[in-house]
Amino acid sequence: MTPDSFSGSRIVAAATALVLLAGCTTFSKDGGFTAVSTTASERLGKDAVRVRTDEDRDAVTRRTQELLSGPLSMDDAVQIALLNNRGLQASYGELGIAEADLVQAGRLPNPGFTFSRTHGGNDLSISRTFTLGLLNVLTLPLATRIERRRFEQTKLLAADAMLKVAADARRAYVSAVAAQQSAAYAEQVKDSAEAGAELSLRMQQAGNFSKLDYAREQAFYADAVAQLARTRQQSVSAREKLTRTMGLWGAETQYTLRERLPDLPKDRPELNDLERFAMRNRLDIQAAKLQTQSVASSLGLSKATRFINALDVGYQNNFTTADGHEQGYEISVEIPLFNWGGSKVARAEAIYMQSVDRVAETAINARSEVRESYSAYVTDYDVAKHYRDEVVPIRKTVSDELLLRYNGMLASVFELLADSRDQVGAVNSYIDALKDYWLAETDLQQALGGRLPPLAMASAPSATTTQPASPTDSEGK
């Protein structure tokens, strides 16, 4: 074996060893979707599916029809959204793109082949050259690690998108049921006002009712009619928003909602260490950290290759009539005469610092969201509890006492009607307070990463959510 052929063999052997060390990256069976489905199961108690085939679509349709067969609950709405929301399905496509990039990063670059045949007098020259981008082979393991981190980041972002759709479905459901409940109550108010207006008209015609009192009853009736129309339109808008979030169309839009919102929980747990819990559980923070690690690895790659932008190695097998066969190899290197790679490194460093600042921004915003949402959660619970335990019972007591007086001929029918008008504000305020509580709980769950902390974390008598620590410190120290 000649020295040249021996050197060429060593180059080929070294390249082969690098490939084996890098590993053979292939497409996974689940396409990275297991991370999403596991998050949905653990944090929401729901099923997340990726619809790819007609069989998947048929299974989703059957499950959706099963959930729509009865009055829709909040959990049903969330599950239907996870099955049918097309925007969510589109976001899952990022998993396939990221995995394809990962597989591509683990593949060897295609070799090149050059063939030439020339005549010179009586001489015939044949040249055959195989070339391979050696720099791409050398950097293949690092490039694969970078793309693997990006793939893991994409998994986290896909799972986070799923949690956001679930939260949107909860909000839409709460708003839709509250709007429907308000519209039903507005219709009752309108019927009562209509009866009062008709009675006042007859009494005014009989001369037993003043013109002023008659005008008041008519004004209340006119206002009740306008309020009913307004609440009905609000109910339609809220329902359509829920329909869009659940991804329903056609006959599926004729679903039935529960008549009222879920009751207010008997007790509100005191939650503490919420910021620390959010730092550990929020997927957007985890994804941002992986992004920074990926950029840091990319920066190392940029520094390693700043002087060598192209390095090709080739094996030659030439033939001439004068000299016979000639074998050897060639190395092609780009000379950094005008471009020393400084701009590439500077760009990578700027991207890295940008990524670091965005991680800090995400963490700072997350901490603020936790404090804000927890404050709303506490306040809205207390307000709804106040209406449930104080305002509504007092109004009922007033109504009961007034009805007794009416039965004893100590109060007129118009006093009963006036009392019903006074109840309108109390009932509507309680409906709004109950809606605000369920929306606040949803916002708090999303701020904490899709779920509330275990009750074991809620034993402290008061919550301290402010941590004087680095914004990305998951331990709060």
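Residues numbered from 1 in each chain as written. Predicted model: local features only at pLDDT ≥ 70, side-chain atom pairs only at ≥ 80, totals over all residues. Heavy atoms only, no water.

Engineer: For this particular structure, what's the right way to read the overall build of the chain?
Structural biologist: For the chain, the count of helices and strands is twelve helices and four strands. Considering only contacts within the chain whose residues lie at least 6 apart along the sequence, 80% involve residues at least 24 apart. Element-wise, carbon and sulfur atoms account for 53% of the exposed surface of the chain, whose accessible area totals about 26100 Å². (Helix = DSSP H or I, 4+ residues; strand = E, 2+ residues; numbered from the N terminus. Contact = heavy atoms within 4.5 Å. Areas by Shrake-Rupley, 256 points an atom, 1.4 Å probe, with all protein chains shown as cover.)

Engineer: I keep staring at unusual backbone geometry and nothing clicks. Help me out?
Structural biologist: A negative phi holds for most residues other than glycine; trans holds for most peptide bonds. With a phi angle near 55°, Asp273 is a residue other than glycine that sits in the positive phi range. Among the structural elements, Asp273 can be located in the loop between α8 (211-246) and α9 (274-281).

Engineer: I would appreciate a short explanation of α9 in the present structure.
Structural biologist: Three or four residues apart is the spacing at which side chains of an α-helix point the same way, because the helix has 3.6 residues per turn. The buried fraction of α9 amounts to six of the eight residues, a majority that puts the element mostly inside the structure. Among all positions of α9, only Leu274, Glu275, Phe277, Ala278, Met279 and Asn281 are buried. (Buried < 20%, exposed > 50% of the residue type's maximum accessible area, 1.4 Å probe, protein only.)

Engineer: Could you clarify how one ought to interpret the pattern of salt bridges in this entry?
Structural biologist: Two side chains carrying opposite charge are able to pair once their charged atoms lie near each other. Counted according to the given criterion, the structure contains 21 salt bridges. In this structure, Arg150 and Glu147 form a salt bridge, with 2.8 Å as the shortest nitrogen-oxygen distance. Taken together, the positions of Arg150 and Glu147, both in helix α7 (residues 140-205) and three residues apart, correspond to about one turn of that helix. For the salt bridge of Glu152 with Lys155, the shortest nitrogen-to-oxygen distance reads 3.2 Å. Here Glu152 and its partner Lys155 are both found in helix α7, three residues apart, which amounts to about one turn of the helix. Where salt bridges share partners, they join Asp168, Arg171 and Asp443 into one cluster. (Salt bridge = Lys/Arg side-chain N within 4 Å of Asp/Glu carboxyl O.)

Engineer: Is there a simple way to explain the packing of helix α2 (residues 34-44) against α7 in this structure?
Structural biologist: Packed helix pairs are specified by the crossing angle of their axes together with the interaxial distance, meaning the distance between the axes. Where α2 contacts α7, the two axes come as close as 9 Å, and the packing angle between them is 40°. Judged by the inter-axis angle, α2 sits oblique to α7. Crossing angle aside, the handedness with which α2 passes α7 is right-handed. Note on element contacts: α7 touches α2 through Lys155, Ala158, Ala159, Met162, Leu163 and Ala166, opposite Ala35, Val36, Thr39, Ala40, Arg43 and Leu44. (Axes fitted to C-alpha atoms, helices over the stretch in contact; angles between N-to-C directions. Parallel < 35°, antiparallel > 145°, perpendicular 65-115°, else oblique. Left-handed = near helix turned anticlockwise from the far one by under 90°.)

Engineer: Help me out: how do you make sense of the side chain of Thr39 in this one?
Structural biologist: With respect to the element layout, Thr39 can be found in helix α2. Contact partners of Thr39, with chain neighbours within four places excluded, come to Leu44, Ala159, Met162, Leu163 and Leu283.

Engineer: Mind showing me how you'd approach the packing of aromatic side chains here?
Structural biologist: Any aromatic ring pair is given by two values, namely how distant the centres are and how the planes are angled relative to each other. With the rule as written, the count across this model stands at five aromatic pairs. Arranged with centres 6.2 Å apart and planes meeting at 35°, the rings of Tyr374 and Tyr377 form a pair that is tilted. On the criterion of helical spacing, the pair formed by Tyr374 and Tyr377 is a turn pair, its members being three residues apart in helix α11 (residues 342-407). Among the residues examined, Tyr374 registers a relative accessible area of 9% and is labelled buried. Of the aromatic side chains, those joined through ring pairs into one cluster are Tyr374, Tyr377, Tyr381, Tyr437 and Trp438. (Phe/Tyr/Trp six-rings, centres within 6.5 Å; stacked < 30°, edge-to-face > 60°.)

Engineer: Quick question: what am I supposed to make of α2 here?
Structural biologist: Buried within α2 are the following residues: Val36, Thr39, Ala40 and Arg43. All buried residues of α2 project into a common sector of 100° when viewed along the axis, lining one side. (Arc of directions from axis to C-beta.)

Engineer: For this particular structure, what's the right way to read the confidence of the model for the chain?
Structural biologist: Any region with low pLDDT has predicted coordinates that should not be read closely. Mean pLDDT for the chain: 79, with 74% of residues reaching 70 or above. Mean pLDDT values over the elements of the chain span from 51, in helix α1 (residues 3-22), up to 96, in helix α4 (residues 74-84). When the criterion is pLDDT under 50, residues 1-8 qualifies, and its contacts beyond four places in sequence or with other chains add up to seven contacts. (pLDDT = per-residue confidence, 0-100.)

Engineer: Help me out: how do you make sense of the packing of α4 against helix α5 (residues 86-105) in this one?
Structural biologist: Across the interface, α4 lies against α5 with an axial gap of 6 Å and an inter-helix angle of 50°. Taken as axis vectors, α4 and α5 run oblique relative to one another. Touching Ala81, Leu82, Leu83 and Asn84 of α4 are Arg86, Leu88 and Gln89, all from α5. By residue class, the composition of the contact of α4 with α5 is four nonpolar, two polar and one charged. (Nonpolar A, V, L, I, M, F, W, Y, C, P; charged D, E, K, R; others polar.)

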